[in-house]
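Examining the three-dimensional arrangement
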Amino acid sequence: MNIFIDITLIIMYLIALYFSIFLLLVYIDKKDKFEQERSDNGGYYQIEEVLVSVLVPAYNEENTIIKTLESIDQLDYPKDKLEVIIINDGSKDNTEKVVKEYIKNKPNFNLISHANIGKAASMNKALNLAKGEFFACLDADSSVDRMTLRKMLAQFQKENDPNLAIITPAMKVIQPKNLLQRVQWLEYIVLILIARISSHLDSLYVAPGPFSLYQTSIIKKLGGFEEGNIAEDQEIAYRAQKNNYRILHCFDGYVYTNAPMKLKPFYRQRRRWYLGSIICLHKYKDLVANKKYGDFGLMQMIKNVVGYVTATFGIIILLYFFIVPFFGEIKSLLVLKFNILPFLQHFKLNITFLNFLLNDFRKGILVLFLFLIGFYFFYQAHRNANEKMIKFGWIPLIPYFAFYYILKGVILLLSLLEFSMGKKLKW
């Protein structure tokens, strides 16, 4: 068993090392281009102000939707060139009432209401009504920076590419209040840099719900969003890639989203993300290692598959090293009939996994090297997003590096089990 684990860990380390070094080399190669993009970002003032539609799907969002609509209303863009369609998807609270009150003196804001049909179906219904050359979706618990639309349109017009289908935003967690939200804030900052690197490889595979901007004619040509899909933002991105359309990232097109404050909502959110991602990956498995799709097929799709496999094995091995010894100690307590005093007198902490790493110098070096690359990306990600690593102090860094990815891995493992059992999950 230990030989199997030994070999598995070595393979996992080498895979992680390969992709880490690959991304590092791409980042170093593109660094000058990144700096040029930053110095040129004043170009968004000189754009052709075309008609843009903003779709806001909402279900029971009475507490957050007004802030969302206010951020749209405050966009630095002419009101007569901005069409806003709010879709009340059968809300059971006062969402419809508060929206009607807010938009009564705003002629470019429109509300449609219907029985609950799901997010993707709601957006398709609004998309059929949208008149804009471009359209954006904005989740009703998120808000958009006032300059983001201009920046995204400037990118569309600068590229001048009829095959450019989607531009994705740079998402940040808005005003994190507790430790879990602050750890997620760190995660989102890193994801902005990863998305920027992936954009330069034409390898983006998700168009986040908060204010991704689409070329309307392309999405209509593709048939709109897949109804019933719990990860419609990933599915539409995969479908665009399969049809050889491009997806780019706007590195400073900021949107702000709420992150779960408690573990139960966090679990539900990530479970939906991971299960939806697995479903999409399975659906588009023919893109994996397919050279027809360039870096997306030969790098990103392989990376997605390998990532799930290595994460699964990693969590299983971790649980084996920690959970098995834990139950061994429980067994000892049972023998002693839970007489805690003798147990404490002879207790010896034996973390097999740590011993396993420390007793093998080569594995220790690999782990250290991976950590250094990860920390370098972590540092550069904050520079890229104009944020400080210790904006919320040092404490969030501890769970982020020590526990957070283990927690996500456990949720991923549970999601894989649900997928293997054919379990269905609604939005």
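That block above? That's the structure.
Structural notes, computed from the coordinates. (Residues numbered from 1 in each chain as written. Predicted model: local features only at pLDDT ≥ 70, side-chain atom pairs only at ≥ 80, totals over all residues. Heavy atoms only, no water.)

So, the overall build of the chain
Inclusion rule: Here a helix means four or more residues in a row that DSSP labels H or I, a strand means two or more in a row labelled E, and each is numbered from the N terminus. Per-residue accessibility, obtained with a 1.4 Å probe over protein chains only, is compared with the maximum for each type, and a residue is labelled buried under 20%, exposed over 50%, and partly exposed between these values. Any two residues whose heavy atoms approach within 4.5 Å are treated as being in contact. All accessible areas in this document rest on Shrake-Rupley with a 1.4 Å probe, and a residue is counted as covered only by the protein chains that are shown.
The secondary structure content of the chain amounts to 14 helices and eight strands. Burial statistics for the chain: of 427 residues in total, 50% are counted as buried. Residue pairs at least 24 apart in sequence account for 83% of intrachain contacts in the chain once pairs closer than 6 positions are excluded. As displayed, the chain has an accessible area near 21,600 Å², and 61% of this comes from carbon and sulfur atoms.

What about unusual backbone geometry?
Although it is not a glycine, N160 sits at a positive phi angle of roughly 50°. Relative to the elements of secondary structure, N160 occurs in the loop between α5 (148–159) and β6 (164–173). On the basis of relative accessible area, N160 is assigned to the exposed category, the value being 66%. Phi at F211 is positive, roughly 70°, even though this residue is not glycine.

Let's talk about the sheet that holds strand β4 (residues 134–137)
Stated precisely, the cut-off is as follows: Any two strands with at least two DSSP bridges between them are considered paired. Axes here mean lines fitted to C-alpha atoms, for a helix over just the part in contact, with angles spanning 0 to 180 degrees between N-to-C directions.
Strand order in the open sheet made by the eight strands is β3-β2-β1-β4-β7-β6-β8-β5, with mixed pairing throughout. The open sheet is flanked by β3 (109–114) and β5 (142–144), the only strands paired with a single partner. Strand-to-strand, the axes of this sheet are offset by a mean angle of 30°, without reference to chain direction. When strand β1 (residues 52–58) meets β4, the two strands line up parallel, connected through four bridges. For L55, the partnering residue across the bridge sits in β4 and is C137. Packed on one face of the sheet, helix α2 (residues 65–73) meets β1, β2 (82–89), β3 and β5 and runs near 175° to β1.

A short note on the nonpolar core
What counts here: We define the nonpolar core as a collection of buried residues of types Ala, Val, Leu, Ile, Met, Phe, Trp, Tyr and Cys that are connected through side-chain atoms lying within 4.5 Å of one another.
Formed by 90 residues in total, the largest nonpolar core has its most connected members in I72 and F211. In terms of residues, this core owes the most to one element, helix α6 (residues 179–200), which gives ten residues. Discounting chain neighbours no more than four positions away, the residues touching I72 are V54, V56, L82, V84, F109, L138 and V144. Membership of the second largest hydrophobic core comes to 26 residues, among which are A120, C137, I218 and Y245.

Let's talk about the pattern of salt bridges
Using the following cut-off: Every case where a carboxyl oxygen of Asp or Glu lies within 4 Å of a side-chain nitrogen of Lys or Arg is listed as a salt bridge.
Summed over all chains, the structure comprises 21 salt bridges. Of the charged contacts, one joins R246 and D161 as a salt bridge, the two residues approaching to 3.0 Å between their closest N and O atoms. Separated by 85 residues along the polypeptide, R246 in strand β8 (residues 246–257) and D161 in the loop between α5 and β6 bring together distant segments of the chain. Overlapping salt bridges bring together E159, D161, D202 and R246 as one network.

A closer look at the environment of N108
Formally: Under the rule applied, a polar contact is a pair of N or O atoms within 3.5 Å (in protein, one hydrogen donor and one hydrogen acceptor; residues adjacent in sequence only if both atoms are side-chain atoms).
For N108, the location among the structural elements is in the loop between α3 (95–103) and β3. The exposure class assigned to N108 is buried, which follows from its relative accessible area of 14%. Sequence separation of N108 and K79 is 29 residues, and the distance between their C-alpha atoms is 6.9 Å. Among the polar contacts listed, one links the side chain of N108 to the backbone oxygen of L82, at a separation of 3.1 Å.

Comments concerning the pairing of β2
Test applied: Whether a crossover is right-handed comes down to one check: with the strands pointing away from the viewer, does the path from the first strand over the helix to the second run clockwise; if it does, it is right-handed.
A large share of β2 lies buried, amounting to eight of its eight residues. Residue alternation in β2 divides its side chains into two sets, L82, V84, I86 and N88 and E83, I85, I87 and D89, and both sets are buried. Sheet analysis places β1 next to β2, joined by seven bridges and oriented parallel. Note on β2: the bridge partner recorded for P57 is I87. Chirality of the crossover, the property in question, places the unit of β1, α2 and β2 among those that are right-handed. Between β2 and its parallel partner β3, the chain crosses via α3, and the hand of that crossover is right-handed.

Remarks on helix α8 (residues 232–242)
Counting buried positions along α8 yields ten of eleven residues, so the element is predominantly enclosed. All of the buried residues in α8 are E232, D233, Q234, E235, I236, A237, Y238, R239, A240 and Q241. Backbone geometry just after α8 places N244 at a positive phi near 65°.

Digging into the environment of N229
Considering the arrangement of structural elements, one finds N229 in the loop between α7 (216–221) and α8. By relative accessible area, N229 is classed as buried at 9%. Sequence separation between N229 and G276 is 47 residues; the distance between their C-alpha atoms is 7.3 Å. Polar contacts involving the side chain of N229 include one to the main-chain amide nitrogen of A231, which spans 2.7 Å.

What to know about the pairing of β3
Pairing of β2 with β3 involves six bridges; the strand directions are parallel. Across the sheet, V84 pairs through a bridge with F109, a residue of β3.

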